[in-house]
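One-letter residues, chain by chain:
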Amino acid sequence: MLSSRDLHHFLAVAEAGNISGAAQRLNMAQPPLSRQMKQLEEQLGTTLFERGHRRIQLTETGRLLQLRAGQLMELLATTEKEILDVDRGTRGTLAIGIASSSVAPLLPRVASVFCARYPGLRFELRTGESIEVIELLDQGLVEIGLVRFAIDDERHQSIRLAPEPLVAAFHREGFRQLLGRGEPLPLAALAGLPLLIHRKFESMIAEHCHQAGFEPSLLCTSDDVMPALGWAEAGIGVAVVPRAAIGLLPSANLETRLLVDPLIESGAAIIWMRQRYLSQAARHFIELFADISGEKQGPPMNATACR
């Protein structure tokens, strides 16, 4: 079987036009190189060189080998570079699970910086509820997940991101009474108003409303924030959503106010498998995402998951 060493030395001889010149380029003695070329011809069962007194010329099969050897050596060099790029996290595909659209608005900001740093990488995104993302992670279908809660156990490791406050989003004409309540908006100002919320925030919002002294009037609960924002934009009710979700539905009709007294915050976390190799691309992404989101710490180092 041909080796890269054989091809490298053959190309040196073909380019130099003689054994002595090639040996000098290769920093080796002439007799071993001459024997190697003879053995190469015997191995291939053909004559590669027409040997003259001072110079050798390639035969037709020699010219074919020169062409293919050049292509193979170039491919080998490219492959080695690509392997290094993948190992360094500058190429390849990064599969990410996303728990909900309330996390999604931060992704474009991170992806913009990430793609500028590592233009050879591509993304594969899968969406679902937090439990579904964890299942994708367990099955090896994604490498990292963005979920609504941190989880650290024997199988999973995570970093909690900076808390995201909830805001009220409402049609400026349909709920003009809220415009005069100032910024930020006391939670009690929502008493008696039809509220549009994500189902996962229902108990948390209800608890905070009780602290503010009223029972929330829930007009609509859904599994995504988009319906809540869409109904709010239509003037049907007041959406209570994470602040980052506002950018999902740009609208000149929507007003937003930070809710306080009490402040309501939703959590989020980056999660990955503890006992599974974590690629350099994933590590780069985790560090950048945590940094941009406001959480400065990077992924904890461990011998199994990280290198």
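Residues numbered from 1 in each chain as written. Predicted model: local features only at pLDDT ≥ 70, side-chain atom pairs only at ≥ 80, totals over all residues. Heavy atoms only, no water.

Comments concerning unusual backbone geometry
Consideration 1: That bond from Asp-261 to Pro-262 is cis: its omega, 0°, falls within 30 degrees of zero.
Consideration 2: Tracing the backbone shows Pro-262 in the loop between β12 (254-260) and β13 (265-266).
Consideration 3: At Asn-27, a residue that is not glycine, the phi angle is positive and equals roughly 60°.
Consideration 4: Position of Asn-27 among the secondary structure elements: in the loop between α2 (19-26) and α3 (30-44).
Consideration 5: Residue Asn-27 is classed as exposed on the basis of its relative accessible area of 73%. (Helix = DSSP H or I, 4+ residues; strand = E, 2+ residues; numbered from the N terminus. Buried < 20%, exposed > 50% of the residue type's maximum accessible area, 1.4 Å probe, protein only.)

So, the packing of helix α1 (residues 4-16) against α3
Consideration 1: Look at α1 against α3: their axes get within 10 Å of each other, and the N-to-C directions meet at 110°. As summarised for this structure, α1 and α3 are arranged roughly perpendicular, according to the angle between their axes. The two elements α1 and α3 meet at a crossing, and its hand is left-handed. Two secondary-structure elements touch here, α1 through Arg-5, Asp-6, His-9, Phe-10 and Val-13 and α3 through Leu-33, Gln-36, Met-37, Leu-40 and Gln-43.
Consideration 2: Residue composition of the contact of α1 with α3, grouped by class: five nonpolar, three polar and two charged. (Axes fitted to C-alpha atoms, helices over the stretch in contact; angles between N-to-C directions. Parallel < 35°, antiparallel > 145°, perpendicular 65-115°, else oblique. Left-handed = near helix turned anticlockwise from the far one by under 90°. Contact = heavy atoms within 4.5 Å. Nonpolar A, V, L, I, M, F, W, Y, C, P; charged D, E, K, R; others polar.)

With respect to the pairing of strand β5 (residues 144-147)
Consideration 1: The alternating pattern of β5 places Ile-144 and Leu-146 on one face and Gly-145 and Val-147 on the opposite face, and all of these are buried.
Consideration 2: Judged from the three bridges that link them, strand β3 (residues 91-98) and β5 form a sheet pairing that is parallel. Bridge pairing in β5 links Ile-96 to Ile-144.
Consideration 3: Two strands pair when backbone bridges link them, and β5 and strand β14 (residues 269-273) are joined in this way by four bridges, in the antiparallel orientation. Residue pairing across strands places Leu-146 opposite Ile-270, the latter belonging to β14. (Pairing = 2+ DSSP bridges.)

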